[in-house]
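A closer look at the structure
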Amino acid sequence: MSLYDDAVLVLKGYEDQAELRQAYLDHLAEHPDGMWKSCHAGHVTASALVVDPGGGRVLLTLHRKLRMWLQMGGHCEPGDASLAAAALREAAEESGVGGLSLLPGGPVRLDRHPIPPPCHCHFDVQYAVLAPPDAVHAVSEESLDVRWFAYDEVAGVADASVVRLVEATRARLGV
């Protein structure tokens, strides 16, 4: 199965945010290249919130270009077998944490947001990944910093989209 086909299947199975989910599906139907950065009308990205449920905290990256605290994530690559695999790869690359595992249940949220030209927007499919209790993180080339934040600290450092992702992840975890 191609990454495009996986994305369509994942989105069709995603049961929340119906209107936004349909916008993602419509975009992919109109843009067969909509999985790739080269699609200037917008493209699907995959991100993951790294969570330490036992510690009640999340790992965020201070994005080098945007200078904002965000979850890990980015563009899909030709070697990605699925959106989930892309999100897991991005989380491991940007956090330096080994032994991450996807939170069951598929994507946690969708977040469409504008980006600087030449592209117009990211159609982000957001997952959550669980960090092992002894997780050690590292700063990647894409980050200025990587840091753990308690759940209640996120609203003070990150934008509303990250806060919504944390809230949705906590709801899925039941914490």
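Fair warning: this is a prediction, and the values are worked out from it, not measured in the lab. (Residues numbered from 1 in each chain as written. Predicted model: local features only at pLDDT ≥ 70, side-chain atom pairs only at ≥ 80, totals over all residues. Heavy atoms only, no water.)

1. Topic: helix α5 (residues 160–173)
Here α5 contains 14 residues, and its C-alpha end-to-end distance of 20 Å stays within 8% of the 20 Å for a straight helix at 1.5 Å per residue. Within the span of α5, buried status applies to S161, V162, V163, L165, V166 and T169. (Helix = DSSP H or I, 4+ residues; strand = E, 2+ residues; numbered from the N terminus. Expected span 1.5 Å × (residues − 1). Buried < 20%, exposed > 50% of the residue type's maximum accessible area, 1.4 Å probe, protein only.)

2. What to know about the packing of aromatic side chains
For the structure on display, the rule yields two aromatic pairs. Seen in terms of ring centroids, W69 and F149 are 5.0 Å apart; in terms of plane orientation they differ by 75 degrees. Their pairing is edge-to-face. Linking W69 in strand β3 (residues 69–70) with F149 in strand β8 (residues 143–150), this pair joins segments that are 80 residues apart in sequence. Across the ring face of W148, the terminal group of R57 is positioned such that the distance to the ring centre comes to 4.0 Å. (Phe/Tyr/Trp six-rings, centres within 6.5 Å; stacked < 30°, edge-to-face > 60°. Lys NZ or Arg CZ within 6 Å of the ring centre and 35° of its normal.)

3. Things to note about the pattern of salt bridges
By the definition in use, this model includes seven salt bridges. With a shortest N-O distance of 3.1 Å, E90 and R89 are connected by a salt bridge. Both residues of the pair, E90 and R89, count as buried. Here the salt bridges share partners, and the residues they tie into one network are E77, D80, R89, E90 and E93. (Salt bridge = Lys/Arg side-chain N within 4 Å of Asp/Glu carboxyl O.)

4. Thoughts on the nonpolar core
Counting 35 residues, the largest nonpolar core has M35, V50, L83, V125 and Y127 as its most contacted members. Taken together, the elements giving at least two residues each to this core come down to α1 (3–13), α2 (18–30), β1 (43–52), α3 (83–95), β7 (121–130) and β8. Not counting the four nearest positions on each side in its chain, M35 is found in contact with L3, Y4, A7, L28, H43, V44, C76 and L83. The next biggest cluster of nonpolar side chains, apart from the first, holds 18 residues, and it includes L60, L62, L70 and A158. (Core = buried A, V, L, I, M, F, W, Y, C linked by side-chain atoms within 4.5 Å. Contact = heavy atoms within 4.5 Å.)

5. What about unusual backbone geometry?
Phi is positive for Q17, close to 50 degrees, though the residue is something other than glycine. Along the chain, the position of Q17 falls in the loop between α1 and α2. On the basis of relative accessible area, Q17 is assigned to the partly exposed category, the value being 23%. Phi at R67 is positive, roughly 55 degrees, even though this residue is not glycine. Among the structural elements, R67 can be located in the loop between β2 (57–63) and β3. With relative accessibility at 59%, the residue R67 sits in the exposed group.

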